[in-house]
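# Results of the structural survey
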Amino acid sequence: MPEHTAAEVTAAGIARMAGVGRAAVSNWRRRHADFPRPVGGTPASPSFALADVEDWLRAQGKLAEVPLRERVWQQVLGHPGGAVAALVEVGRALLVVRERPTQWLELTAVSDARMAALLPDVAAPLLAARLGPDHPLTHLPARPGPDPAPAAGASAGPAGAATVPLLRAAARLAAETGARQAFEFLVGRYLDANPRQYTLTPQGPAELMAALAGPARSALDPACGTGALLRAVRAAPGGLVRHGQDAAPELAALTALRLALHGAGEVRAAGGDSLRADAFPQAAVDVVLCHPPFNERAWGHEDLAYDPRWEYGLPARAESELAWVQHCLAHLREGGTAVLLMPPAAAARRSGRRIRADLLRRGALRAVVALPAGAAPPYGVPLHLWVLRRPVPGAPAPADLLLVDAAEPAPTGGAEREKASWPAVHTLVTGAWAAYDRPGGAVELPAGSRAVSVIELLDDDVDLTPGRHLPPPAAPGGLAELADVRERLDRTLHLAAELTPPPAAPGDRARPPVTTLGELARTGALVLHTGTGSGAPVPLAAGDVVVPAVGGTATARVVTDATAGAALGRNLVLLRPDPAALDPWFLAGFLRGTATARRASSHASTATRLDVRRLQLPRLPLADQRRYGERFRALAAFEDALRAAARLGEQLVQGLYDGLSDGTVGPS
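With an unreviewed UniProt entry as reference, the chain is termed N-6 DNA methylase, source organism Streptomyces antimicrobicus.

Below you can see the structure in the form of structure tokens.
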């Protein structure tokens, strides 16, 4: 049987193409005998030939307008050698599109087989000029196999004619968006599809690290990942040579092509473990940026015990991050700057105190910056930035270390305190570094930073955590804000008291006839939408009622003018009542009844689901509905006032605790 080489698409991809949910695709497979048969995948997750699926959807009138970039992505997924091999081939082709557009047009005028044979010879000179004549990507196309070769993330074997349609489509996408943007989109989709496989450095921290390092003619990232840090480095006059190495060879290959498409300058990228098999042992660069792997026990402690890089001491087995610090310092020219993302524990662990002390004594460590939690993975940990500089022989070591605490949340005008915005963090850190690093030293550092004497830090612990050496931040707004919070709380409590419902009076136990939401939807008294998270978003309008489909209670909410315009979220059901037949507050109020929700609930294996169509509602004239609706509206206002009072109360209590403990509030 001949090997299948056509592009394939999964059920999820078909759903995106048709603008429907995956359940609809499953129904089509069951109901339509002519639906395309699977050509790959597994029984639980089959894949289908993309061309067959498109033909079937078009014949059924179900084919939505598929963006070109979505089609190209589906072809990448369907590549017989896998997505990485496809991206490598696309990257090489887009380099030709960008640098030699006339030659590319000549290539596209021939047959697919001829184009596949000619393309490597056209791409080779460009790749040699950008990646170096010895780089494997310069000589060999990507192998149509499941895994990239260790040497470069791609290896031998000519690209077959079956891949040429993908390259032609990628070139059309580049004509719309630009070659670099087209490749960035495809690589981004690949990384989004494999979130647990790779640790990525977000753009904000990358730009901050590059700003601290300054412009350079040569730069290195020994754990380059997908090249985010190297792309952020600013080129000094005369150009920039970027060096990147990563333990994942496929990332090294993608990084090489991303950087080649990113702009001018030479790129040197290689696969392999930088600590055990340094690909650039002789390189001495202006700038090193690095987001190293954390908490690695098997980093080579035994094998590298006598390595000359450990100029500041042999790192303990549990101090892999200090091994990366010294590796980065070893690759700097004299006076060069390195910036590393570090776990906060590296600033305080006792096992690393000797190396930290030597870094301070010899002037190699110049700054430690505490970042807000969520700046970079692992997102739950407030990471640090270490700024290092290779000492110049004969120059005096600096007498102090810059410590910056940017981890504190910034105040907001509302009831909550949120993390500082990234631009504010960037401004604080770069401002403190510029003041500290200028000739003659800092005259005045911004709040949240301090130049701490090295002598003061060289105690038994050598703890470099910024928060331990900086004064606690004053309560935002001080006493004035506390007074404002107390005044707002007082007003809210008075409002809640005014809105407190009167004593309940007995009601009529005779239940009126009931109907279900399903019946009301069939008669047109209301329109029902379910949020799926895919397809066209459904905007909310004032008077709509929103009910969660998951959970044991129907916490129905009426959409007001303040919340109108938002999109309906996943696992939410929108009820849009006809105002001539249903009052929205009456509808939402009765749906919140405990008994009402219990009758319509069903239990899955891990969650309780609410069958909204089974929810019951009494049949009442519109005038009676509005009487109930006014009472339900008053209850909702009382509930909102209680919630606001609770938030303000928590803010006031925490502010008083903080003020009493830091001395800004007196005990009397």
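Once that is clear, we can look at the overall build of the chain. Each helix and strand in the chain was counted, giving 23 helices and 20 strands. In the chain, which comprises 668 residues, the share counted as buried stands at 46%. Within the chain, contacts between residues at least 6 apart in sequence are counted, and of these 71% link residues at least 24 apart. Accessible surface, the chain as shown: approximately 32300 Å² in total, 54% of it carbon and sulfur.

The strand order E6-E5-E4-E7-E8-E10-E9-E11-E12 describes an open sheet built from nine strands, whose pairing is mixed. Pairing within the sheet leaves two strands with one partner each, and these edge strands are strand E6 (267–271) and strand E12 (449–453). Neighbouring strand axes in the sheet, compared pairwise and without regard to direction, differ in orientation by 15° on average. Judged from the four bridges that link them, strand E9 (residues 365–370) and strand E11 (residues 400–405) form a sheet pairing that is parallel.

Looking now at the packing of aromatic side chains. Considering all chains together, one arrives at eleven aromatic pairs under this definition. Aromatic pair Phe590 and Phe632: ring centres 5.5 Å apart, planes at 80°, arrangement edge-to-face. With Phe590 in helix H21 (residues 584–591) and Phe632 in helix H23 (residues 622–662), this residue pair connects regions lying 42 residues apart in the sequence. Through successive ring pairs, a cluster of aromatic residues spans Trp28, Phe35, Phe48 and Trp56.

This part takes up the nonpolar core. In terms of nonpolar packing, the biggest core is built from 90 residues, with Leu94, Trp104, Phe183, Tyr190, Leu289 and Leu385 touching the most fellow members. In terms of residue count, helix H5 (residues 83–99) provides more of this core than any other element does, eleven residues in total. Non-local contacts of Leu94, meaning those with residues more than four positions away in its chain, are made with Ala170, Ala171, Ala174, Ala179, Ala182, Phe183 and Leu261.

Glancing now at the pattern of salt bridges. For the coordinates displayed, the defined rule picks out 32 salt bridges. A salt bridge links Arg333 to Asp286; the nearest nitrogen and oxygen atoms lie 2.6 Å apart. Pair noted here: Arg333 is in strand E8 (residues 332–342) and Asp286 is in strand E7 (residues 285–290), with a separation of 47 residues, a long-range link. We classify Asp286 as buried; its relative accessible area is 15%. Measuring nitrogen to oxygen at the nearest pair gives 2.8 Å for the salt bridge that ties Arg389 to Asp437. You can see Arg389 sitting in strand E10 (residues 384–389) and its partner Asp437 sitting in helix H16 (residues 422–437), a full 48 residues away along the chain. Residue classification places Asp437 among the partly exposed residues on the basis of a relative accessible area of 28%.

This part takes up helix H15 (residues 353–361). Those residues of H15 that fall on the buried side of the exposure criterion are Ile355, Arg356, Ala357, Leu359 and Leu360. Close packing links the buried residues of H15 with helix H14 (320–330), E9, E10, E11 and helix H17 (454–457). Two residues or fewer past H15, Gly363 is found with a positive phi of approximately 80°.

What follows covers the pairing of strand E5 (residues 241–246). Across the six residues that make up E5, a large majority, five, are buried. As defined by bridge partners, strand E4 (residues 218–221) adjoins E5 across four bridges and the pair is classed as parallel. Each residue of the ladder has a partner; that of Ser218, found in E5, is Val241. Summarising the sheet, E5 and E6 pair through five bridges and their orientation is parallel. Counted as the bridge partner of His243 is Arg268 from E6. Taken together, E5, helix H13 (residues 249–262) and E6 constitute a β-α-β crossover, and its handedness is right-handed.

Quick look at the side chain of Gln74 now. Relative to the assigned elements, Gln74 resides in helix H4 (residues 68–77). Look at Gln74 and you get buried, because its relative accessible area is 2%. Discounting residues that sit within four places of it in the chain, Gln74 has contacts with Ala7, Glu8, Val9, Gly13, Arg16 and Leu50.

Okay, unusual backbone geometry next. Glycine aside, residues mostly have negative phi angles, and peptide bonds mostly take the trans form. Residue Pro378 is bonded to the preceding Pro377 through a cis peptide linkage, with omega at 0°. In this structure, Pro378 sits in the loop between E9 and E10. Of note, Asn295 is a non-glycine position whose phi angle comes to about 55°, a positive value. By the secondary structure assignment, Asn295 is in the loop between E7 and H14.

So, on to the environment of Val381. Within the element layout of this structure, Val381 appears in the loop between E9 and E10. Residues Val381 and Pro344, 37 residues apart in the sequence, show an inter-C-alpha distance of 7.9 Å.

The rules behind these values
- Along each chain, numbering runs from 1 in the same order as the chain's sequence is written.
- Local features in this predicted model are restricted to residues whose pLDDT is 70 or higher, and side-chain atom pairs enter the listing and the counts only when it is 80 or higher, whereas totals over whole chains, interfaces and linings include all residues.
- Side-chain calculation: all heavy atoms of the structure are included, whereas hydrogens and water are not.
- Going along the chain from the N terminus, every DSSP run of H or I of four or more residues is numbered as a helix, and every run of E of two or more is numbered as a strand.
- Per-residue accessibility, obtained with a 1.4 Å probe over protein chains only, is compared with the maximum for each type, and a residue is labelled buried under 20%, exposed over 50%, and partly exposed between these values.
- When checking whether two residues touch, look at their non-hydrogen atoms; a contact exists if any pair is within 4.5 Å.
- Throughout, the Shrake-Rupley method with a 1.4 Å probe supplies accessible areas, and for residues the shown protein chains are the sole cover considered.
- Whether two strands pair depends on DSSP finding at least two bridges between them.
- In this description, a line fitted to the C-alpha atoms serves as the axis of each element, helices being fitted only across the stretch in contact, and the angle between N-to-C directions of two axes falls anywhere from 0 to 180 degrees.
- When two rings of Phe, Tyr or Trp (its six-membered ring) have centres within 6.5 Å they constitute a pair, described as stacked for plane angles under 30 degrees, edge-to-face for angles over 60, and tilted for the intermediate range.
- The nonpolar core is taken to be a set of buried Ala, Val, Leu, Ile, Met, Phe, Trp, Tyr and Cys residues, with the residues joined through side-chain atoms within 4.5 Å.
- By convention in these notes, a salt bridge is any Lys or Arg side-chain nitrogen within 4 Å of a carboxyl oxygen on Asp or Glu.
- Here a crossover is taken to be right-handed if, once the strands point away from the viewer, the path from the first strand over the helix to the second is traced clockwise.

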